[in-house]
Amino acid sequence: MINEIKNLIKKHNITIAAHYYEKDEIFELADLTGDSLELAKKTSSLKNPLIFCGVKFMGESAKILNPEIDVYMPRLADCSMARMAEEIKVQNNIDLLKQNNIDFLPITYINSTAKTKAIVAQNGGLTCTSSNAQKIIEWALKQNKKIFFLPDKNLGRNIATKLGITSAIIGEENWQNATMICFDGHCSVHQLFMPEHVEFYKERFPDIKIVVHPECSPEVVKLADFAGSTSQILNYVKENPTTPMAIGTEFNFVNRMKNEINPNIYVLSSTKPECPSMNETTLEELYKLLKAIDEGKDYNKIEVDPEIAKNAKIALERMMKLS
Ligand code: 13P
Ligand code: SF4
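Residues numbered from 1 in each chain as written. Chains lettered and ligands numbered in written order. Predicted model: local features only at pLDDT ≥ 70, side-chain atom pairs only at ≥ 80, totals over all residues.

Per an unreviewed UniProt entry, the recorded name for the chain is Quinolinate synthase, and the organism is Nautilia profundicola. Under the UniProt heading Pathway (unreviewed entry), the entry covering the chain gives this text: "Cofactor biosynthesis; NAD(+) biosynthesis; quinolinate from iminoaspartate: step 1/1." (UniProt positions renumbered as here; feature names shortened; annotations may be inferred.)

Spelled out as structure tokens, the structure:
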């Protein structure tokens, strides 16, 4: 099957992009790999068809930034956090901010639907990823506005703590007074990491470093030695190739770093923190898609409503300019 996959990729001159959280057998086939910001940048200048192995908002963003090319995904699996920010809820939150006369700038994590990105752009806002969130928020603070951050309350609150600004989840007590007002969304995978997991490792290995993604809860991030985006975690591991560390992020990525860079890596959890959406992309699904392309079918081809795409592109391009 792998040989047939490789032949079909070559025959149709297809580029394969894969996020770090993809299964190893998919990751190994990819021409382009990276975190969500790196992949958005790398795929935006392609001229040939693209198969994006990741979650739906990533394929959608690639198509919006590069509408001339055909973008396909083996699975149209959505990120659970992106699904939490249903457009109607986002619009209701924005209406509530306006009713409270709050002068705000909306920033949506790229983990959101194209429609949510479009709503954010129409309200003067932009996107960010975990790699550039701090930089984008610092820029937004210079506009002398409050920030409405969505969908991830954890990423928003963790960066607020780092920058020394107040934060609250919209609707909770005194939320109107906070500088960073967060939508009530979270990642179903990163919420699995708990302070007791940190204590477990610290008790057994006094020298261990705790490394986490900022989608983890503020309680966990506070206890960590290092918090950073996927690419920032990768750089940290490369700089510390023998240091024992327990890492709180997606399993496929952590396991690959353990096998390839630092054997002294542990998973910061008592369960296997796999992202179910990323794991929907399998060799079988990739093969099925390539056969469909070979037969001239439009199977799992990414299409975005032109009006939504136009506005979502504004939100993405504002971010690209600042990154
Ligand atoms: P990155 O921006 O670090 O790639 O994260 C994307 C993501 O979905 C993390 O859960
Ligand atoms: Fe979404 Fe979490 Fe999966 Fe990342 S790990 S794609 S935020 S569900």
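**A closer look at the overall build of the chain**
Along the backbone of the chain there are 15 helices and 13 strands. The principal-axis extent of the C-alpha atoms belonging to the chain is close to 60 × 55 × 30 Å. For the chain, with 323 residues in total, the buried portion stands at 47%. Of the contacts made within the chain by residues no fewer than 6 positions apart, 64% connect residues no fewer than 24 positions apart. (Helix = DSSP H or I, 4+ residues; strand = E, 2+ residues; numbered from the N terminus. Buried ≥ 20, exposed ≤ 12 C-beta atoms within 10 Å, placed from the backbone. Contact = placed C-beta atoms within 7 Å.)

**With respect to the site of ligand 1**
In the region of ligand 1, the neighbouring residues are Asp 35, Ser 36, Cys 79, Asn 111, Thr 129, Ser 130, Ser 131, Cys 187, Glu 215, Ser 229 and Thr 230. For the shell around ligand 1, the per-class residue count stands at two nonpolar, seven polar and two charged. (Near = placed C-beta within 6 Å. Nonpolar A, V, L, I, M, F, W, Y, C, P; charged D, E, K, R; others polar.)

**Considering the sheet that holds strand β2 (residues 32–34)**
Taken in spatial order, the four strands make up an open sheet running β2-β1-β3-β4, and their pairing is parallel. The open sheet has two free edges, formed respectively by β2 and β4 (71–72), since each of these has just one partner strand. Against the sheet, helix α4 (residues 56–65) engages β1 (15–19), β3 (50–53) and β4, with an angle of about 150° to β3. (Pairing = 2+ DSSP bridges. Axes fitted to C-alpha atoms, helices over the stretch in contact; angles between N-to-C directions.)

**Some points on the environment of Ser 61**
In this fold, Ser 61 is placed in helix α4. Residue classification places Ser 61 among the buried positions, given that 31 C-beta atoms sit within 10 Å. Between the C-alpha atoms of Ser 61 and Leu 141, which are 80 residues apart in sequence, the distance is 25 Å.

**Description of the packing of helix α8 (residues 133–141) against helix α9 (residues 153–163)**
In contact at an axis separation of 10 Å, α8 and α9 are set at 65° when each is read in the N-to-C sense. As far as their axial angle goes, α9 and α8 are roughly perpendicular. Remark: the crossing between α8 and α9 carries right-handed chirality. Contact residues: Ala 133, Gln 134, Ile 137 and Glu 138 in α8; Leu 155, Ile 159, Lys 162 and Leu 163 in α9. Among the residues forming the contact of α8 with α9, the class breakdown is five nonpolar, one polar and two charged. (Parallel < 35°, antiparallel > 145°, perpendicular 65-115°, else oblique. Left-handed = near helix turned anticlockwise from the far one by under 90°.)

**Re the sheet that holds strand β8 (residues 167–169)**
Strands sit in the order β6-β5-β7-β9-β8 across an open sheet of five strands; the sheet is parallel. Each of the sheet's edge strands pairs with one partner strand only, and the pair in question is β6 (126–128) and β8. Taking the axes of each pair of neighbouring strands and ignoring which way they run, one obtains an average angle of 30° across the sheet. Here β8 runs beside strand β9 (residues 180–182); their pairing, made up of three bridges, is parallel. Its bridge partner lying in β9, Ile 169 is registered against Cys 182. Lying on the sheet, helix α7 (residues 114–122) is in contact with β5 (104–109) and β6; it crosses β5 at an angle near 160°. Helix-sheet contacts for α8 involve β5, β6 and β7 (146–150), and the interaxial angle to β5 is about 170°.

**Here's the deal with α4**
Most of α4 is tucked away, with 10 of its 10 residues classed as buried. All buried positions along α4 are accounted for by Lys 56, Phe 57, Met 58, Gly 59, Glu 60, Ser 61, Ala 62, Lys 63, Ile 64 and Leu 65.

**With respect to the nonpolar core**
By size, the foremost hydrophobic cluster in this structure holds 96 residues, and its most contacted members are Phe 52, Ile 107, Ile 147, Ile 181, Val 212 and Ala 312. Those residues in contact with Phe 52, other than ones at most four positions away along the chain, are Ala 17, Met 58, Gly 59, Ala 62, Val 71 and Met 73. (Core = buried A, V, L, I, M, F, W, Y, C linked by C-beta atoms within 7 Å.)

**With respect to the domain arrangement of the chain**
When its domains are assigned, the chain resolves into domain 1 (2–78 + 278–303), domain 2 (82–182) and domain 3 (190–267). The distance between the C-alpha centroids of domain 2 and domain 3 comes to 27 Å. Taken residue by residue, the interface counts 10 residues in domain 2 and 12 residues in domain 3. Class assignment for the residues of the side of domain 2 that touches domain 3 results in two nonpolar, six polar and two charged. (Domains from an automatic or database assignment.)

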